[in-house]
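Chains, contacts and geometry: an overview
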Amino acid sequence: MHATTAPDGIRIAYQVRGSGPPLLLLSGQASSHSWWNGVRDELAAAHTTVTMDYRGTGASDKPDAPHSTPGFAEDAVAVLDALGIERTDVYGTSMGGRVAQWLAARHPSRVRHLVLGCTSPGGVHAVERSDEVRRSLAQPDPAANRQALLELMYTPDWLRREPGPYWTLGDRDMPPHSRRGHLRASAQHDAWDALPGIAAPTLVLHGGDDRLNPAANAPLLAERIPGARLHVIPGARHAYFEEFRAEATPLVEAFLAAA
């Protein structure tokens, strides 16, 4: 575990594993680097993988202050600077994909290739989750809420076969103000106007049965980012990168190797 300091003085923890070309992995909302535990080893076999704990999660500071996806992108730049990485491949999923959009748009010289997974452009152009999904995630019973999130992340077959732990359910140790800050940051994301300025070769991945972040957002990103490729994995839900890693990881590796 390592740490650096963001421009505003906040301590950002980061982790490095593997060898090879650098690959920055950006986690989902309210999640630390543990989000990637299910696939980290196979990615680290060919890459020097870099993860970070967003402010508010893991070993990073947890200020009671507004958060934003552009701000998280600047924290990622601070991590790259601390490691002396001038240029890296970037793979962001869910809210991490939103952060990755800003990183690629605002710091084009730092991003070699870009993979955006199960994410959205945000703003008025995005396709929002249904009211049914929103209600399922707002149940007062924590156990019912957790089960609803599990069913949005994974297929019933996976949940029958895999007892956990489920790394994609968020950082349970986050203070309430940090959890609220992450929720607002993700909800307020709007990179629509910035997307045409992304110069890095881009792959957009999404699960075809994703209802947490509807799959209809994937073609919006692919059409908005010049030259982007699109691949939808049939039957996959939000955590496609873990449950369907036998398909998803080779797609990512092939794209990074060929781009």
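My aim in this report is to walk through the structure given alongside it, one point at a time. Treat the numbers as computed from the prediction; the structure is a model and nothing was measured.

Calculation notes
Residues numbered from 1 in each chain as written. Predicted model: local features only at pLDDT ≥ 70, side-chain atom pairs only at ≥ 80, totals over all residues. Heavy atoms only, no water. Helix = DSSP H or I, 4+ residues; strand = E, 2+ residues; numbered from the N terminus. Rg over C-alpha atoms; globule rule 2.2 N^0.38 Å. Buried < 20%, exposed > 50% of the residue type's maximum accessible area, 1.4 Å probe, protein only. Contact = heavy atoms within 4.5 Å. Areas by Shrake-Rupley, 256 points an atom, 1.4 Å probe, with all protein chains shown as cover. Lys, Arg positive; Asp, Glu negative; His and termini not counted. Charge placed at Lys NZ, Arg CZ, Asp CG, Glu CD. Core = buried A, V, L, I, M, F, W, Y, C linked by side-chain atoms within 4.5 Å. Salt bridge = Lys/Arg side-chain N within 4 Å of Asp/Glu carboxyl O. Axes fitted to C-alpha atoms, helices over the stretch in contact; angles between N-to-C directions. Parallel < 35°, antiparallel > 145°, perpendicular 65-115°, else oblique. Left-handed = near helix turned anticlockwise from the far one by under 90°. Nonpolar A, V, L, I, M, F, W, Y, C, P; charged D, E, K, R; others polar.

Here we look at the overall build of the protein chain
- Along the protein chain, the regular secondary structure elements total 10 helices and eight strands.
- Against the 2.2 N^0.38 benchmark of 18 Å for 259 residues, the protein chain shows a C-alpha radius of gyration of 17 Å, consistent with a compact globule.
- Principal-axis analysis of the C-alpha atoms places the extent of the protein chain at approximately 45 × 40 × 35 Å.
- In the protein chain, buried positions account for 53% of the 259 residues.
- The long-range fraction of contacts in the protein chain, counting pairs at least 24 apart against all pairs at least 6 apart in sequence, stands at 74%.
- By element, 51% of the accessible surface of the protein chain is carried by carbon and sulfur atoms, the whole surface being about 10,900 Å².
- The centroid of the 25 positive side-chain charges in the protein chain is displaced by 1 Å from the centroid of its 29 negative side-chain charges.

So, the nonpolar core
- Ranked by size, the top nonpolar core spans 39 residues in total, and within it L26, M52, V90, L103 and L114 carry the most contacts.
- Where this core is concerned, the elements lending two or more residues are β2 (11-18), β3 (22-26), β4 (48-52), α2 (69-83), α3 (95-106), β6 (111-117) and α8 (217-224).
- Beyond its immediate stretch of four places on either side in the chain, L114 contacts V90, A100, A104, I198, A200, P201, T202, L203 and F255.
- Core analysis: the next-biggest nonpolar cluster, separate from the first, contains 30 residues, M153, A236, A248 and V252 among them.

A closer look at the pattern of salt bridges
- Going through the model one piece at a time under the given rule, you end up with 10 salt bridges.
- Between E42 and R245 there is a salt bridge; the shortest N-O distance is 3.7 Å. Of the two residues, E42 sits in helix α1 (residues 40-44) while R245 sits in helix α10 (residues 245-258), which places them 203 residues apart along the sequence.
- Linking R110 and D81 is a salt bridge whose minimum nitrogen-to-oxygen distance equals 2.9 Å. Of this pair, R110 sits in the loop between α3 and β6 while D81 sits in helix α2, and the two are 29 residues apart along the sequence.

With respect to the packing of α2 against α3
- Across the interface, α2 lies against α3 with an axial gap of 8 Å and an inter-helix angle of 70°. It follows from the interaxial angle that α2 and α3 lie roughly perpendicular. As α2 runs across α3, the sense of the crossing is right-handed. For the pair α2 and α3, contact is made by T69, P70, F72, A73, A76 and V77 and by M95, R98, V99, W102, L103 and R106, respectively.
- Among the residues making up the contact of α2 with α3, the classes are represented as nine nonpolar, one polar and two charged.

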